[in-house]
Amino acid sequence: MSALRHLRTRMHVNRSIPLLSRSMFCHFSLIATLSLGQLAAQAPVDLVNWQAENYPAVNGFANGQWTVAANGLSVNQSVNGQPTLFLSDFPALMTVVEGQITTGSGDNDYVGFAIGFDPGDSSNVAADYLLVDWKQGTQNFNFNAPSCSAGGVALEGLAVSRVTGIPSADEFWQHNDTDDTCSPLGQGLTELQRGATLGSSNWVDNVTYTFRFEFLGSRLLVFVDGVLELDVSGSFSDGRFAFYNFSQANVTYAAFTQATAASTEIYGSACSVGAPLALGGTLPVLGTTWSLSGSNIDPISPTALFFFGSARIQPGFDLSVIGAGGCFAYTNGNLGAFAAAVSGGNASYDLPIPSNPALGGSVLYTQMVAFSTATALGLVTSNGFAGTLGL
């Protein structure tokens, strides 16, 4: 145990926190409030500072008109016009956004959302964002000048498309990318997926639908009334979250909330001597258990030590000064160090995450230590593993 105490001192761990049993984690909600970067989970979205942006108008179609309610919690788009967006004042990446959409009677066109849209993208040939739109009825139409693309059919149903450059109105309408003088190839829409149950189903007048978006950068999940409709993976750009209408008036967006999405990150590397000690885990979702797992543990090690800290050390602190050459510390370890039994070269630790909205966005930095003959100190360290608490 003297080697462990020595390592804890070198890593600046609070010596007043003992190696606790699993039962002590019922008090973890008190410790976790010390972590950094807190952001309220499921915070109501104030729409007052959002901004409208419109694509160039075509004949007979005006710019959108977005009117925010006095309390800032809803907005109505009242014009049947060219594609129009209402941009958030927060980035979409690593967020969970949820809210309601209701469309009045009078037309049967597109309502929806944009994810990763940057201010100015309506005139940006390098624009690259995702568009989730829902058409009420299948319809053939040609927008004519200044759109030079051929007219065509817009299909009823929910879909997600990738938008690049400055598409023409007809390309927005048909979800395609044509090679035209006004919109060359590469400036259009590529439809990625249609809704699991709503891909060929219409929205209904005066019915309120609840949408939920989880944008993880490499993955977008879209739920409608609790049903997973769209799930696409790829390399997607960050940008704003936005409401979207095309040729559809009298659309109200209301009761939106925004929260941090739970995520993890591996950083640093295990000791360069001996078998590399690997640390990973599940997503630290509020109200669930964060399961950490370590592997490649030396057979001589009866236990492994899981360190928790509120700060990342990167580049890592070189532990050769205490006899662990090739090993580095990647967390300040100020929240505690907890032991777990080793079996078959593996160890795990389950950390209950309180269902406390105030913890959303907090980041915990972890690292595992185990006994080994690979260093003079008799200990080796894993990679660092960061968990962002969220939904």
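For clarity, every value in this text was computed on a predicted model and none was experimentally measured.

1. A look at the environment of V97
Tracing the backbone through its elements, the reader meets V97 in strand β6 (residues 95-103). Between the alpha carbons of V97 and V222 there is a distance of 9.7 Å; along the sequence they are 125 residues apart. Sequence-distant contacts of V97, that is, excluding residues within four places in its chain, are made with F90, F211, R212, F213, F241, F256, T257 and Q258.

2. Examining the sheet that holds strand β12 (residues 188-194)
Strands sit in the order β2-β5-β16-β7-β8-β11-β12 across an open sheet of 7 strands; the sheet is antiparallel. Strand pairing shows two members of the sheet lacking a second neighbour, β2 (51-54) and β12, which therefore form its edges. Strand-to-strand twist of the sheet, defined as the mean angle between neighbouring strand axes without regard to direction, takes the value 25°. Relative to strand β8 (residues 128-135), strand β7 (residues 110-117) runs antiparallel, the two sharing 6 bridges. Across the sheet, residue A114 finds its bridge partner in β8, namely L131.

3. Examining the state of the cysteines
Here the structure, examined in full by the defined rule, presents 2 disulfides. At a sulfur-sulfur separation of 2.2 Å, the disulfide partner of C148 is C182. Measuring handedness by torsion sign, the sulfur bridge of C148 and C182 sits at about -100° and is left-handed. On the criterion of sequence distance, the pair formed by C148 in the loop between β9 (139-141) and β10 (152-154) and C182 in the loop between α3 (169-174) and β12 is long-range, its members being 34 residues apart. Covalent S-S linkage joins C271 and C327, the inter-sulfur distance amounting to 1.9 Å. Classification of the bridge connecting C271 and C327 rests on its S-S torsion, roughly 120°, and on that basis the disulfide is right-handed. Of this pair, C271 sits in the loop between β18 (263-267) and β19 (278-281) while C327 sits in the loop between β22 (312-318) and β23 (328-331), and the two are 56 residues apart along the sequence. Given a relative accessible area of 6%, C271 falls into the buried group. Of note for the chain: the bonded cysteines, numbered N- to C-terminal, pair according to 1-2, 3-4.

4. Description of the sheet that holds strand β20 (residues 289-295)
On the basis of which strands lie adjacent, the open sheet formed by 3 strands has the order β19-β20-β25 and antiparallel pairing. Of all strands in the sheet, those with a lone pairing partner are β19 and β25 (347-352), marking the two edges. With direction set aside, neighbouring strand axes in the sheet form an average angle of 20°.

5. A look at the nonpolar core
Nonpolar side chains tend to gather and get buried jointly when the protein is soluble and globular. Counting residues in each nonpolar core, the largest one holds 36 residues, and the members touching the most others are W290, L292, I297, A304, F306, F308 and M368. Of all the secondary structure elements, the ones that give two or more residues to this core are β20, β21 (303-309), β24 (336-341), β25, β26 (363-371) and β27 (379-381). For L292, the residues in contact, after removing those within four places along its chain, are L279, G280, G281, F306, F308, A347, S348, Y349, T366 and F385. V45, W203, V224 and L230 belong to the second-largest nonpolar core, a separate cluster that totals 35 residues.

6. Considering the confidence of the model for the chain
Chain-level pLDDT for the chain is 88 on average; 89% of the residues reach the 70-or-more range. Here residues 8-40 is modelled with pLDDT under 50, and outside its nearest four sequence neighbours on either side it reaches 79 contacts, counting other chains as well.

7. What about empty space enclosed by the protein?
Across all of its chains, the model carries 2 cavities of 30 Å³ or more by this definition. What the largest cavity holds in volume is close to 40 Å³. Around the largest cavity, the lining residues are I101, T102, T103, V111, W134, W203, V204, V207 and Y209.

8. Points about the side chain of T375
Its location among the elements puts T375 in the loop between β26 and β27. From its side chain, T375 meets the backbone oxygen of L379 in a polar contact 2.7 Å long. With residues near it in sequence (within four places) discarded, T375 still touches V273, G323, A324, G325, C327 and V380.

9. Considering the layout of surface pockets
Gaps left between atoms are located by rolling a probe of water-molecule size over the structure's atoms. Roughly 180 Å³ of internal volume is contained in the largest pocket. Surrounding the largest pocket, Y55, P56, V58, Q82, P146, S147, I166, P167, S168, A169, C182 and Q187 form its lining. Class assignment for the residues of the lining of the largest pocket results in 8 nonpolar, 4 polar and no charged. Here the second largest pocket defines a volume of roughly 150 Å³.

10. Some remarks on the pattern of salt bridges
What the rule picks out here adds up to 7 salt bridges. Between D128 and R162 there is a salt bridge whose closest N-O contact spans 2.8 Å. Here the residue D128 occupies a position in strand β8, and R162 occupies one in strand β11 (residues 157-164), the gap between them amounting to 34 residues. Take D128: its relative accessible area is 23%, and that puts it in the partly exposed class. Notably, a salt bridge pairs R219 with D231, separated by 2.7 Å at the nearest N-O pair. Here the residue R219 occupies a position in strand β14 (residues 219-224), and D231 occupies one in strand β15 (residues 227-233), the gap between them amounting to 12 residues.

11. Some thoughts on unusual backbone geometry
Put simply, Q314 and P315 share a cis peptide bond, and its omega is 0°. One non-glycine residue, N206, lies in positive phi territory at about 65°. For N206, the position within the fold is in the loop between β12 and β13 (208-215). At N250, a residue that is not glycine, the phi angle is positive and equals roughly 60°.

Reading the values: the criteria
Residues numbered from 1 in each chain as written. Predicted model: local features only at pLDDT ≥ 70, side-chain atom pairs only at ≥ 80, totals over all residues. Heavy atoms only, no water. Helix = DSSP H or I, 4+ residues; strand = E, 2+ residues; numbered from the N terminus. Contact = heavy atoms within 4.5 Å. Pairing = 2+ DSSP bridges. Axes fitted to C-alpha atoms, helices over the stretch in contact; angles between N-to-C directions. Disulfide = S-S within 2.5 Å. Buried < 20%, exposed > 50% of the residue type's maximum accessible area, 1.4 Å probe, protein only. Core = buried A, V, L, I, M, F, W, Y, C linked by side-chain atoms within 4.5 Å. pLDDT = per-residue confidence, 0-100. 1 Å grid on protein atoms, 1.4 Å probe; cavity = no way out; pocket = protein on both sides within 12 Å on 5 of 7 lines; lining within 4 Å. Points joined across faces, edges and corners; volume = space filled by probe spheres on them. Polar contact = N/O pair within 3.5 Å; in protein donor to acceptor, adjacent residues only side chain to side chain. Nonpolar A, V, L, I, M, F, W, Y, C, P; charged D, E, K, R; others polar. Salt bridge = Lys/Arg side-chain N within 4 Å of Asp/Glu carboxyl O.

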